[in-house]
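Spelled out, the chains give:
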Amino acid sequence: MSNSSTQSLEFEAHSSSVSCLALGKSSGRLLATGGEDCRVNIWAVSKANCIMSLTGHKNPVECVQFNVSEEQVVAGSQSGSIRVWDLEAAKILRTLMGHKANITSLGFHPFGDFLASSSLDTNIKLWDVRRKGYVFRYKGHTQAVRGLAFSPDGKWLASASDDCTVKLWDLTQGKTITEFKSHIAAVNVVQFHPNEYLLASGTVGSGEIHHDQCIFFSPDGSCLYSGATDSLRVFGWEPDRCFDVVPVGWGRVSDLAVCNQQLIGVSHQLSSVSSFVVDLKRVKKSSGSLIQGIIQDNQPLTEPKDPRGSALRRNYDRPTTTCSSQRVKQGSDTDRRSPSEDEADEKLSSAEIHNAEDYKEIFQPKNAISRTPPRISEPFPAPPEDGDCVLKAPPLASSTPVQRVEPTVVLCVKRPAPSAVAPSTSDPPRSRSPPPQPPIATKSKQQPKIILSTRNEPIGLNVADFLPGVLSDEEALSQIKKGHDTMCVMLSSRHKNLEMVRVVWAREDIKSALDTAVSMNDLSIVVDILNIINLQPSLWKLDLCTSILPQIDKLLQSKYESYMQTGCTSLKLIMKHFWMLISDTLKAVPSVGVDITREERHLKCRMCCKQLKNLSNFVKNKAAQVGRHGSAFKELQLLMAPLDDSL
């Protein structure tokens with residue numbers, strides 16, 4: 001049992017009992033709470049002061065959830081109504097009506113503006129946040145649905161129910177792919193592995209030694225964290241085993257997240273909320289620290305015969321498609337209220353900002369530093385180091401790659417070989433078969449044309465070369481260091497160029513800085529600048545679009561997936577914020593006389609429209625491709641549909 005210390009913060013969250021809460025999983029630093037006072041309050045995890053309070057629900061709030069980017073929060077009430085708030089704009093975004101009973105679970109799709117909800121009425125509904133009425137209704141459970149989770153590639157939805165089953169749904173076809181029946185008690189939580197075809201589920205019983213309240217896969221997928229009433233448990237699989245038990249007095253823990261190698265847990269009792277921190281550097285997460293097998297208590301467990309089991313399991317493509325345009329079915333009229341009722345209802349909803357300083361720092365404008373775990377500071381002070389600290393290899397860098405150089409990377413993280421696991425002591429399921437898999441194209445066995453942002457294998461190294469007896473230590477080091485000097489030169493040059501762009505930005509303006517970056521003829525510099533200004537839409541002007549659109553064309557055709565993603569983000573921003581201006585300007589009737597300002601704006605709009613039409617054709621071709629970048633192009637294709645009807 002680990003002696004890793006924990007620290008907690010307790011505060012009054014609502015004027016009456018707290019009924020639900022949720023952490024922002026991307027940052028691990030935002031907390032949403034819902035209460036019987038019908039309010040949703042937003043908090044910084046490390047502070048006991050409320051940033052903002054969201055009103056509008058007329059019944060107690062039963063469920064809350066952040067979207068992936070933490071720009072929106074959704075809350076479901078006892079009456080079955082759902083409200084979505086835009087946190088950056090501090091306003092209600094949408095009211096969704098259709099469920100007949102308490103909302104029990106909510107989940108945002110990992111890509112696009114889609115939301116799944118479940119209810120005591122046994123139904124699951126998929127909503128498009130941009131429209132009223134549901135897209136799909138999934139019927140099949142015979143009792144209340146308690147938990148929902150989207151697969152990382154956005155194609156499937158898993159649901160956990162009181163009927164003791166876990167169902168896997170195909171989002172676009174609206175039908176069950178498979179059903180897991182291994183549980184003998186009501187299932188309340190379900191979670192997908194971040195990379196592999198692996199699903200975890202948990203139950204809450206009444207006569208067990210410990211009960212799983214919530215579960216959370218580690219970000220690297222190497223283990224599963226389970227929040228019990230009095231402890232944090234760390235599980236492995238194949239074979240099932242418990243690596244570590246950390247005593248934590250958090251009671252009924254409701255949600256978990258990871259930030260800066262710290263696990264954040266939150267629980268509530270009456271009107272108060274408590275947050276807890278566990279130092280993951282001092283928690284055992286490998287078979288070298290086996291505590292107890294959960295197949296046969298206190299019996300030694302052998303290691304898997306095939307240590308490469310995890311490599312044989314398929315990984316998610318992120319994503320092949322979103323669920324947007326395929327077989328979209330609107331909800332029935334009985335589930336939709338009239339526009340006047342929705343508008344009147346949404347006028348009653350508001351966002352009261354209680355802490356302007358924190359609100360501006362986090363939401364206006366979106367700040368990359370406050371949105372992601374900081375590199376140095378932590379939400380809570382770290383406990384003192386001791387001999388139990390476990391060193392862990394850092395993840396692969398997610399920054400944009402340097403052009404013209406193939407970086408040599410060694411991945412040193414040892415991963416167990418997972419399968420299907422349900423971390424419930426009451427009944428670990430034996431359903432080990434992965435969900436049905438779509439056919440794999442033969443070309444996937446060849447060298448990929450696209451260099452992915454994240455990958456499971458190193459580039460430029462043959463793992464077989466490092467097997468015992470093949471290379472000496474000196475030869476292995478020589479292979480690993482191959483290209484290192486070249487990479488250092490490239491990064492130094494890139495740093496100098498970025499410094500030059502920064503000086504121009506400070507001395508003149510963002511347009512001049514971007515033009516300077518373009519003139520350097522190094523796409524990596526352009527990507528670095530765009531990654532900054534993509535986070536700040538308020539900086540964008542029409543003439544900035546004229547400089548960026550030609551660069552987007554190059555980014556979308558790049559072999560680097562990260563470049564494509566940056567280009568897609570910029571293009572999406574331009575379509576959302578400037579297309580109406582461009583379209584209206586080009587369609588406007590010419591004014592009498594000479595208006596130089598109007599003529600200049602008309603010329604810029606014509607240039608942008610021409611570039612956008614060229615990009616639209618390219619996006620259509622890319623939208624059919626398979627891979628993690630495919631979904632972005634699919635979403636862009638829908639966003640750029642108005643171009644087909646333009647001048």
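As named in an unreviewed UniProt entry, the protein chain is Katanin p80 WD40 repeat-containing subunit B1, taken from Echeneis naucrates. Per UniProt, the protein chain carries the Sequence similarities (unreviewed entry) text "Belongs to the WD repeat KATNB1 family." You can read under Subunit (unreviewed entry) in the UniProt record for the protein chain the words "Interacts with KATNA1. This interaction enhances the microtubule binding and severing activity of KATNA1 and also targets this activity to the centrosome."

Moving on, we come to the nonpolar core. Among the nonpolar cores identified, the biggest contains 49 residues, and Trp540, Ile548, Leu556, Leu571, Ile574, Ile582 and Leu612 are the most heavily contacted of them. At the level of secondary structure, the elements contributing two or more residues to this core comprise α6 (484-507), α7 (510-519), α8 (523-533), α9 (542-556), α10 (561-587), α11 (596-622) and α12 (630-639). Among the elements that take part in this core, α10 stands out by supplying eleven residues, more than any other. Of all hydrophobic cores here, the second largest spans 23 residues; its members include Ala22, Val61, Ala75 and Leu87.

This part covers the packing of α8 against α9. Contact geometry of α8 with α9 gives a least axis separation of 11 Å together with a crossing angle of 125°. What the angle tells us is that α8 and α9 run oblique. Considering the relative orientation of α8 and α9, their crossing is left-handed. Within the contact between the two elements, α8 uses Leu523, Val526, Val527, Leu530 and Ile533 and α9 uses Leu544, Ile548, Gln551, Lys554 and Leu555. Grouping the constituent residues of the contact of α8 with α9 by class yields eight nonpolar, one polar and one charged.

Looking now at the packing of aromatic side chains. As enumerated under the stated definition, the model contains nine aromatic pairs in all. The interplanar angle of 40° and the centroid separation of 4.6 Å between the aromatic rings of Phe11 and Trp43 together place this pair among those described as tilted. Taken as a pair, Phe11 in strand β1 (residues 6-12) and Trp43 in strand β4 (residues 40-44) lie far apart in primary sequence, 32 residues in all. With a centroid separation of 6.1 Å and an interplanar angle of 85°, the aromatic rings of Trp250 and Phe276 are classed as edge-to-face. Of this pair, Trp250 sits in the loop between β23 (241-247) and β24 (253-259) while Phe276 sits in strand β26 (residues 272-279), and the two are 26 residues apart along the sequence. In this structure, Trp250 and Phe276 share a single accessibility class: buried. An aromatic cluster is present here, built from Phe136, Tyr138 and Trp169 joined pairwise through their rings.

This brings us to the pattern of salt bridges. Under the defined criterion, the tally for this structure stands at 16 salt bridges. Put simply, Asp128 and Arg130 hold a salt bridge, and the shortest N to O gap is 3.0 Å. Taking the relative accessible area as the measure of exposure, Asp128 reaches 3% and is therefore buried. Note that Glu179 and Lys167 form a salt bridge whose closest N and O atoms lie 2.3 Å from each other. Highlighted residues: Glu179 in strand β17 (residues 175-180) and Lys167 in strand β16 (residues 166-170), separated in sequence by twelve residues. What makes Lys167 buried here is its relative accessible area of 7%.

What follows concerns unusual backbone geometry. If you check the backbone angles, Glu70 has positive phi at about 65° while not being a glycine. Of note, Glu70 is situated in the loop between β6 (61-66) and β7 (72-77). When its relative accessible area of 1% is taken as the criterion, Glu70 is described as buried. You will see that Thr122, though not glycine, has its phi angle at about 75°, which is positive.

Another aspect to go through is helix α3 (residues 356-363). For α3, the set of buried residues is Asp358, Tyr359, Ile362 and Phe363. For α3, the angular spread of buried residues about the axis comes to 100°, placing them on one side. Exposed side of α3, more than 90 degrees from the buried face: Glu357 and Lys360 are the residues found there.

This part is about the sheet that holds strand β28 (residues 350-353). Ordered in space as β2-β3-β4-β5-β28, the five strands form an open sheet in which the pairing is antiparallel. Whereas interior strands pair on both sides, the edge strands pair on one side only; in this sheet they are β2 (18-23) and β28. Neighbour-to-neighbour, the strand axes of the sheet open up by a mean angle of 20°, direction not taken into account. Pairing analysis gives four bridges linking strand β5 (residues 50-55) to β28, with the strands arranged antiparallel. Pairing of Leu54 across the sheet is with Ala351, part of β28. Where α3 meets the sheet, it contacts β3 (30-35), β4, β5 and β28, and its direction lies at approximately 85° from that of β5.

Quick notes on the rules
Every residue gets a number counted from 1 within its own chain, in the order that chain's sequence is written. Two thresholds apply to this predicted model, a pLDDT of at least 70 for residue-level local features and 80 or more for giving and counting side-chain atom pairs, whereas whole-chain, interface and lining totals are computed over all residues. Excluded from the side-chain calculations are hydrogens and water; all other atoms, namely the structure's heavy atoms, are used. UniProt positions are given in the numbering used here, feature names are shortened, and annotations may be inferred rather than shown by experiment. We call a set of buried Ala, Val, Leu, Ile, Met, Phe, Trp, Tyr and Cys residues a nonpolar core when their side-chain atoms join them within 4.5 Å. For the exposure calls, accessible area comes from a 1.4 Å probe over protein chains only, and a residue counts as buried if that area is under 20% of its type's maximum, exposed if over 50%, partly exposed in between. Helix and strand definitions here come from DSSP, where helices need a minimum of 4 consecutive H or I residues and strands a minimum of 2 consecutive E residues; each element is numbered from the N-terminal end. Note on definitions: angles span 0 to 180 degrees between N-to-C directions of axes, and those axes are lines fitted to C-alpha atoms, for helices only across the stretch in contact. Under this scheme an angle from 65 to 115 degrees is roughly perpendicular, one under 35 degrees roughly parallel, and one over 145 degrees roughly antiparallel; angles in between are oblique. For any pair of crossing helices, the crossing counts as left-handed if the nearer helix is rotated counterclockwise from the farther one by less than a right angle, and right-handed if it is rotated clockwise. Contacts between residues were defined by any pair of non-hydrogen atoms, one from each residue, lying within 4.5 Å. Note that Gly is not counted as nonpolar here; it falls among the polar residues with everything else outside the nonpolar set of Ala, Val, Leu, Ile, Met, Phe, Trp, Tyr, Cys and Pro and the charged set of Asp, Glu, Lys and Arg. By convention, a stacked pair of Phe, Tyr or Trp rings (six-membered ring in the case of Trp) has centres within 6.5 Å and planes under 30 degrees apart, an edge-to-face pair has planes over 60 apart, and any other such pair is tilted. In what follows, salt bridge is the name for a side-chain nitrogen of Lys or Arg lying within 4 Å of a carboxyl oxygen of Asp or Glu. Here the arc refers to the set of directions running from the helix axis out to each C-beta atom. What makes two strands pair is DSSP finding at least two bridges between them.

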